[in-house]
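# Chain and residue survey
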Amino acid sequence: MSEPKFDEKELTVSLKKLILGFSPRLQNVSSTDEAQQVLLQLEELDENFHRYGFVKMLQSCIEEAVGPLIDEEITKQSNASSDLAFGQETAVNAITSKVLESQAFIGLAEDFKRSVSVACENLLTNYDQEFSNSLGGLPGTASRQDHQKKSEVLFSDGESSVGDSSSGHSTVFFNSEMLQTVTQNLVKRNPVEVRKSALRELSHLTGLLDVQSDVWKSIRSGLLDALMEPDDELWNMSLKVFGRGFSSNNCNKELYKALVEFLSSQFLPGSKAVGVLPKVKQDLDCRQSHVAKLMKAFHLLYEFQMQIPPRYSERSLEDILGVTLGLLACNLTTPSSSSPAGIASTVSPLNFFTLLDPKATWFVKLMHGHFGRSILLKLLEKHRSLVESCVCCFVEYSELWIRHCEKQTNENPLSHSESQKLTYTSAELNFAYFVHSVSILSRLLLFEQGRKFFPVVAKTGAEPVTLTSFLIALINFISRRPTALVQNEKNSEVETFDPAGLVTDLLKKLCMSEDICRKCICQDAVTSALFAPIKECLDKKSNNVSGVKQGESALNHVAELLSSIASSSCGRHHLLYGENQNVEAAPIHILVSYAKKAIDEESSCKTLVGNIIFVCRQLYSSCIGLLVMEKYHLHELLYTSWRAASREAENAATPTPTDNAVAMTSRDSRSKMQWEEMLLDNLLNFASTPKGLLLLQQTGALGECVSYMYSRYVRKLQVSKCEKFGYGYMMSQIASTAPGILALQNAGFIATVIKSLWGALEVVDDSPVVLAKSWPVTPIDKTSKKPFTNLINLLSSFLSIYEILGEKALPTQTEYSVRQAPDSVVGVLDRLVFVDSNAKISSLFNYEQSHVFGLRLLSIMTSCLDTLLLLETQYGFQAKLLQSQAENVIEGSKTVMIDMLSLERNYILVKTYLIGGPSERVIPSRTLPPGLNTSFSMTLFSSYPLPSDYVPNVSAKSSQKEDNELVRFLDETKKAELTPSWLEKCQKVFVGVLSSRADQILGNCFLDLLDRVVAANAQLQTEAIFSTSDYSVTDVALKNCKLSPVQLNGIQLTIRYGCHLKLLSSAKDAKEKLTQLIKKCTVYLQHQRLDHSNHWLQCLSPDRSVGFDWFVATIFLTTGGNADRSWKFLFKFSSMMTSAFVWMQRIHCSVHLPASLVQSGIPPVFFVTCHNIEYILQTELPHVYSTFKMSGFSPAQICQQWIRQCFWNYLDWSQICQYLALCIVLGADYQVYLCIAILKYLHRDLMQQMQDKNLIVFIKEEPIRDFHVENHIEYMQQLEKKFRSVVLVAMQNITKA
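Residues numbered from 1 in each chain as written. Predicted model: local features only at pLDDT ≥ 70, side-chain atom pairs only at ≥ 80, totals over all residues. Heavy atoms only, no water.

In the structure shown here, the tally under the stated rule is eleven cavities of 30 Å³ or more. Size it by volume and the largest cavity reaches roughly 230 Å³. What lines the largest cavity is a set of 17 residues, and nearest its centre among them are I1147, H1148, C1149, I1162 and P1163. Those elements giving two or more residues to the lining of the largest cavity turn out to be helix 57 (1144–1147) and helix 58 (1155–1160). Looking at the lining of the largest cavity, its residues break down into 13 nonpolar, three polar and one charged. In this model, the second largest cavity occupies a volume close to 80 Å³. In terms of lining, the second largest cavity is formed by L325, L328, L350, W362, F363, L380, L386, V387, C390, H436 and I440. Those elements giving two or more residues to the lining of the second largest cavity turn out to be helix 15 (314–328), helix 17 (361–368), helix 19 (384–407) and helix 20 (426–444). (1 Å grid on protein atoms, 1.4 Å probe; cavity = no way out; pocket = protein on both sides within 12 Å on 5 of 7 lines; lining within 4 Å. Points joined across faces, edges and corners; volume = space filled by probe spheres on them. Helix = DSSP H or I, 4+ residues; strand = E, 2+ residues; numbered from the N terminus. Nonpolar A, V, L, I, M, F, W, Y, C, P; charged D, E, K, R; others polar.)

Here it is, written out as structure tokens:
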């Protein structure tokens, strides 16, 4: 590693240019310290810093000398840690230390210093030659000779050209003799007038004083002597010198220490330098001369604290804070003395400081950053009496507070009259001390090092105050409130310094920190104290749980704290389960009981009840909270109360001009309206979870809640004060269901989204445009991405699409106006997707972009196979796209012209024709490959079938006999009785084979396994929950059964998939068999369906087929097209509880479900499976759940789609078979665990797509690549152990009302 050599001439030239570059920035500095500060900040202030030749030379030398060493160290650190992101700061520190200690860097530094010194000497020697021309034109510069000539008059009595910008006065330069004279005149033995004159002259010099000079000690002594004098003018002039000095960086630290020394001397025992200090129990009269002087001095001290320069060194800041804390600790007694700990008999420095800064702003400022906080906390270890005094002050004040509450006096402890502006009573001193103490403790408790000060000895002979006991004391403090404060609660001054409010704010900061809440707040002892006033109200014999006015105020503070606790995940878990995970004794039960009782009482304070319900809402809006709170039927109570409030608001009297109580009536009407909206808002938040949405739908208030949500959505309001996001996620949850999408449509959501979309793509109106729209360079540009995401969010569920598109024909128009915007989904499809006429093309300003937008929308919608069949059946989109491709064929050839639209159409045509997992089909690209000489490798076509480019060769199933442990087990137990013990052994063998040889669970082995397991489960009451009669499907019924076009298209798609996988030998024969099987299953299931002919939901109409039966199609393919074996299995399987979740058509409108569930239009897969998926995500994978939450997309939407189509198009065939085997052999709850395993597997991709704002497109369009069930079976078994007691029980209870 060669050492760089510095060219002396080049270095001198570059250094000269650097000096000339920063010279203008030094014109207004008043001291060398200020000049140094400017140079230190030069890189930040000068935008040309890195262009200077001197800087470039230095960078080049560093790179040459230590660059290889840095690269070597980075490589070592990377190899030492598998995760470079973890401990990155430690790695950087290690590399930096290694480089700084290397011989190469040390040699470079020495050589560079030496070379720069030589260059500086050259510049100084030739100063006139180098700088006379360059600096001649700048003010404030002169030649070397001029400097020598002016040196005699520089230190004169005249004013300098350098002014003190901070004080507005000029700065005078003294020669050494005059400075010595001023110093001698400050001596105490001199006459007062002489000392005043010296102070007057010195006040102009403080900015340039050198604390290292010989005269500094004498000046310091003279200033302190002047402060000790009773002469007011002398005292004020001395303090003015301190004030001037604080505005300078030269001597402010030493002056500050001197002022602290003076103040400390005033509080020493027996000190009578200024005057006798009053007792704490006496009034503090600031009109007294000695008190006023101390107040001025402390005010100057406080001002300095608030303006501590941010670039102080660690040593300087430590010195300043050390003397400050020493001063504040003066006159504080200890618990071993006669006085209570922390409270002095006479007024202490802390009393003065609390009057000037009651909320401890100085302390809060220092605790904000790590630099100041670390020094302050270290020094507090030496001055623990300050922390002890804060704790003791609170303990004593809280005892006084409680006694005051018990007396129920009307005296306001915070009141004061105008005549007392300059006098502080003993109560006011103590209160300021209390506020200051609470403010300090509120910052200390936020940090672990600050919490280590506990336990604290508060009183002699008493138990030490631990952190837990202190938190309990804080809670007990807010549980009581004097009547006088309640009566004056509208007074702004009282609100600002309300003791209970200050303590509540302290506790809220602790509760809202996840780490602090988990370590300190989530303890049964703490929450028991918090719930004590609520429990007290419940235990009262009186029916009025709200209590007196004083109780309402305390409960409002409690509700605020509970809301803060519930805003963190650990806090919610503690409220629901308690410290010992005992759900029966959890605090939530007290809260819900109080809420239910308070809602029923007409005399309850509506604000208080609203605050309590809001806490409940924070819990039931999560899956884990609803699991615990569902049994209380809070949704029914809220609905009943809302209906009553709504009727009361409608029947309220309308005020008239002759009414004397117009204002009162108006307030009452407004209060009733707010109460109604509050109930509706809390009712709406049940829609945050799949199960909560079902409960909301069953109340019948879904439409009203969605309308209320829409009114807030258009105003861009958040869900609540504790929610960081808007209504996107909740809207996604609601849009996943048929009744939800209708409610959104009726409220105007869909029309608003479409209007926003059209405004981003086309022109909504003729409003004048200030800035022209940018020409789009991507199919979905920045302006249209959000409307696009919102629309596909609404159209992600098949049942929702069926509800708004089912049997809806496209508009029939021959002409379209450019100003005619669609207002429905059908209109969007007509104008943007099926652009099949010149009239539609000419009506679009941005035809290509808008059409590509529509094709992207179609692509995402057809990711759902049922939606694909619906759109193809109703609109024949494939024929339309093929026709467009044919019109794009180059004349005289069969080649389709390649452009953005033809590539997009080609993508959809391939994707919707051939079904298959990630390795079973080839999906073409939507874009051309990069490069000028590259061409599109795939063949574009204008008619089906697909070219061979898109159809990979899938190997047929091996005809070799399977031989594995599972096959042998099934053969050996062929005649054995299918008991629960056999089932348990079978499950163990199955898991073993799945983990090691999963590819062999196919064919006859797979079918035999399913048949035997279903037969074994038929003997279990918990599994065989659906009764199956000996109903036989007659030939007449089969003949009369007419399949819908959707079913016929689904059959065609299934046969094509089976032939592609070589599972079916004859397409024609298989099609006939599958048709008969579908008919037989349709007749059988219709026999078990409830009649909802008059229901307002289309999906519940008995004469309509809602989607295709993908489960039946899957079973048909697993049997190799054996319709008889498929029917026998399906018939037996239909009695199983598992069939309700893996076979969605089986449970559709079934008589086996309670009528209320069927009429809701929400399938069990959504409110049971998807609900538990979200529940486990919140518990086990919170980062994945947060990813969905931040994207405004519910995981229930995609999981419902996966399950509905049995993972077709998302997993390969072998993985689909393993999914069915998991659910049938190991239990229906494995459906939930598999979805969780998939989301866990995809979590990195999901987080990346969330950052790119592309999550919903990615998860719907992309297959699940390289996912193998056998690699995740161990993780799914772990989930089973933790959650089966919840998930499986919920699945088994679907037949219960």
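It is worth spelling out the packing of helix 61 (residues 1195–1204) against helix 63 (residues 1230–1241) at this point. For any two helices packed against each other, one specifies the inter-axial angle together with the distance between the axes. Where helix 61 contacts helix 63, the two axes come as close as 11 Å, and the packing angle between them is 120 degrees. As judged from the angle between their axes, helix 61 and helix 63 are oblique. Viewed along their axes, helix 61 and helix 63 form a crossing whose handedness is right-handed. Between helix 61 and helix 63, the contacting residues are C1199, W1202 and I1203 on the first element and Q1231, C1235, I1238 and L1239 on the second. (Axes fitted to C-alpha atoms, helices over the stretch in contact; angles between N-to-C directions. Parallel < 35°, antiparallel > 145°, perpendicular 65-115°, else oblique. Left-handed = near helix turned anticlockwise from the far one by under 90°. Contact = heavy atoms within 4.5 Å.)

Glancing now at a positive patch on the surface. A surface patch of like charges, here positive, comprises K716, K782, K786 and K1253. Within the fold, K786 resides in helix 40 (residues 782–794). Overall, the relative accessible area of 60% leaves K786 in the exposed class. (Patch = residues over 30% accessible without salt bridge, like charges linked within 9 Å, V, L, I, M, F, W, Y side chains within 5 Å. Areas by Shrake-Rupley, 256 points an atom, 1.4 Å probe, with all protein chains shown as cover. Salt bridge = Lys/Arg side-chain N within 4 Å of Asp/Glu carboxyl O. Lys, Arg positive; Asp, Glu negative; His and termini not counted. Charge placed at Lys NZ, Arg CZ, Asp CG, Glu CD. Buried < 20%, exposed > 50% of the residue type's maximum accessible area, 1.4 Å probe, protein only.)

Turning next to the nonpolar core. Counting 386 residues, the largest nonpolar core has L259, F990, W1202 and W1208 as the members making the most contacts within it. A per-element tally of this core places helix 62 (residues 1213–1226) first, with eleven residues. Not counting residues up to four positions away in its chain, the partners in contact with L259 are L227, L239, F242, F246, A297, L300 and L301. Counting residues in hydrophobic clusters, the runner-up holds 22 residues, among them F49, F54, C61 and L69. (Core = buried A, V, L, I, M, F, W, Y, C linked by side-chain atoms within 4.5 Å.)

Applying the stated criterion across every chain, the model contains 35 salt bridges. Put simply, D319 and R315 hold a salt bridge, and the shortest N to O gap is 3.7 Å. Here the residue D319 and the residue R315 both occupy positions in helix 15, the gap between them amounting to four residues, near one helical turn. R617 is the partner of D681 in a salt bridge, and the nearest nitrogen-oxygen pair spans 3.0 Å. You can see D681 sitting in helix 34 (residues 662–684) and its partner R617 sitting in helix 31 (residues 606–620), a full 64 residues away along the chain. Residue D681 is classed as buried on the basis of its relative accessible area of 11%. Here the salt bridges share partners, and the residues they tie into one network are R856, E904, K911, R926 and E1261.

With respect to the secondary-structure elements, C1206 resides in the loop between helix 61 and helix 62. Between the alpha carbons of C1206 and I1216 there is a distance of 6.9 Å; along the sequence they are ten residues apart. Residues contacting C1206, with those up to four places away along its chain left out, are W1110, F1111, T1114, V1142, I1216 and Y1219.

Among the structural elements, E920 can be located in the loop between helix 47 (900–913) and helix 48 (965–972). A polar atom in the side chain of E920 sits 2.8 Å from the side chain of Y1057. (Polar contact = N/O pair within 3.5 Å; in protein donor to acceptor, adjacent residues only side chain to side chain.)

Listed as buried for helix 60 (residues 1182–1191) are V1184, Y1185, T1187 and F1188. Summarising the axial view, the buried residues of helix 60 lie within an arc of 150 degrees, below the 170-degree limit, and thus occupy one face. Buried residues along helix 60 sit in contact with helix 37 (728–735), helix 59 (1164–1180), helix 61, helix 63, helix 64 (1243–1251) and helix 65 (1255–1261). Just past helix 60, the residue G1192 takes up positive phi, approximately 70 degrees. (Arc of directions from axis to C-beta.)

The next thing to look at is the packing of aromatic side chains. Each pair of aromatic rings is reported with the distance of its centres and the angle of its planes. Across all of its chains, the model carries 46 aromatic pairs by this definition. A centroid spacing of 5.4 Å and a plane angle of 70 degrees characterise the contact between F394 and F470, whose relative ring orientation is edge-to-face. You can see F394 sitting in helix 19 and its partner F470 sitting in helix 22 (residues 467–478), a full 76 residues away along the chain. Judged by relative accessible area, F394 falls into the buried class, the value being 1%. (Phe/Tyr/Trp six-rings, centres within 6.5 Å; stacked < 30°, edge-to-face > 60°.)

Each neighbour pair has its own omega, and for F454 with P455 the value is 5 degrees, a cis peptide bond. Here the residue pair Y944 and P945 is connected by a cis peptide bond, since its omega of 0 degrees sits within 30 degrees of zero. One can find P945 in the loop between helix 47 and helix 48. One non-glycine residue, K716, adopts positive backbone phi at about 60 degrees. Among the structural elements, K716 can be located in the loop between helix 36 (702–713) and helix 37. A positive phi is found at C1206, a non-glycine position, where the angle reads about 55 degrees.

Along the chain, the position of C120 falls in helix 6 (residues 103–125). Along the backbone, C120 and L15 are 105 residues apart, and their C-alpha atoms lie at a distance of 8.1 Å.

The contact between helix 37 and helix 38 (residues 738–747) brings their axes to 6 Å, and the two run at 120 degrees. Relative to helix 38, helix 37 is oriented oblique. Only G740, I741 and L744 of helix 38 make contact with helix 37, whose side of the interface consists of M731, I734 and A735. Considering only residue class, the contact of helix 37 with helix 38 consists of five nonpolar, one polar and no charged.

Looking now at helix 48. Taken together, the buried positions of helix 48 are occupied by L966, V967, F969 and L970. Taken down its axis, helix 48 places every buried residue within 165 degrees of arc, on the same side. Its buried side turned inward, helix 48 meets helix 49 (980–996) and helix 50 (1003–1017). N-capping of helix 48 is provided by N964, with a side-chain oxygen placed 2.9 Å from the backbone N of L966.

Structurally, the position occupied by D505 is in helix 25 (residues 499–511). Judged by relative accessible area, D505 falls into the partly exposed class, the value being 37%. Residues D505 and S442, spaced 63 residues apart in sequence, show a C-alpha to C-alpha distance of 8.4 Å.

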